[in-house]
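In case you want the letters, here they are:
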Amino acid sequence: MTKKPTQLAYVHAYEYIRDRILSGELERGTKLVEERLAEEMGISRTPVRDSIRKLEQEGLIKQKCVVNPSDMDLRHVFQVRTLLEGFAANYCATYITDEALAKLKNCVDMGRTGTIEEVMAANKEFHEIIVGATNNPVMIDIFDRMQSIIYLFRKTVVLHKRPLLIEEHHDIYEAIRQHNADEAERLMKEHLQLDLEFCLNRMKG
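Now for a quick tour of the structure. Because the structure is a prediction, the values reported are computed rather than measured.

Here is what the cut-offs are and how they apply
Residues numbered from 1 in each chain as written. Predicted model: local features only at pLDDT ≥ 70, side-chain atom pairs only at ≥ 80, totals over all residues. Heavy atoms only, no water. Helix = DSSP H or I, 4+ residues; strand = E, 2+ residues; numbered from the N terminus. Buried < 20%, exposed > 50% of the residue type's maximum accessible area, 1.4 Å probe, protein only. Core = buried A, V, L, I, M, F, W, Y, C linked by side-chain atoms within 4.5 Å. Domains from an automatic or database assignment. Contact = heavy atoms within 4.5 Å.

## Focus on unusual backbone geometry
If a residue is not glycine, its phi is most likely negative; likewise, a peptide bond is most likely trans.
Step number 1: With a phi close to 65°, Leu164 is a non-glycine residue in the positive phi region.
Step number 2: Its place among the elements puts Leu164 in the loop between helix H8 (147-159) and helix H9 (165-177).
Step number 3: On the accessibility criterion, Leu164 (54% relative accessible area) is exposed.
Step number 4: In this structure, His179 takes a positive phi of about 60° despite not being glycine.
Step number 5: If you trace the backbone, His179 turns up in the loop between H9 and helix H10 (181-204).

## Structural notes on the environment of Ala89
Step number 1: Mapped onto the secondary structure, Ala89 falls in helix H4 (residues 71-95).
Step number 2: Taking relative accessible area as the criterion, Ala89 reaches 0% and is therefore assigned buried.

## Regarding the nonpolar core
Step number 1: Counting 63 residues, the largest nonpolar core has Ile17, Ile130 and Ile176 as the members making the most contacts within it.
Step number 2: Residues lining this core come from more than one domain, with at least three contributed by each of domain 1 (5-66) and domain 2 (71-204).
Step number 3: Discounting chain neighbours no more than four positions away, the residues touching Ile176 are Ala89, Cys92, Ala93, Ile96, Leu101, Leu104, Ile130 and Ala184.

Below, the structure is given as structure tokens:
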């Protein structure tokens, strides 16, 4: 069954606007004008408006402007991540499948040897595997809705080469592999705290 033209226009608009924000082409603080975006894409304003609404829910747009996260916004995102991913790492140490564990190791290996794009993708997948392994649809949904805003911060830690990032992933992987639930949770929380501090320092700079 093919998608209706309106659905295709919405998907196109959503991806077009999101990708321009994530690439930095639409700079933080830029006001989005529905008419201009619709004209650029050759579509009506309705899918553009719907896309902007979805991107507002994901935290990339605020009051029709590209988000310019404050220190407090950043702290709020990481508070939620720490709660979700700390629990998820703990859970994984007991329940993760061998297949998911192997994928987790691949992410660590790619983090050490890959290109910037591959390291970005491996970093994203590492955290997704751990949250996904909980098989908790509510938790996974909350995490998914945070992905776009997380991407902006992940870009900061990867592009600016935060020290020991991959070593921390390796340590979390090892704690999970050895079924050390408390250690896996502690390491994940510590890892995210260091990400937060690095991002805050970059924002000040």
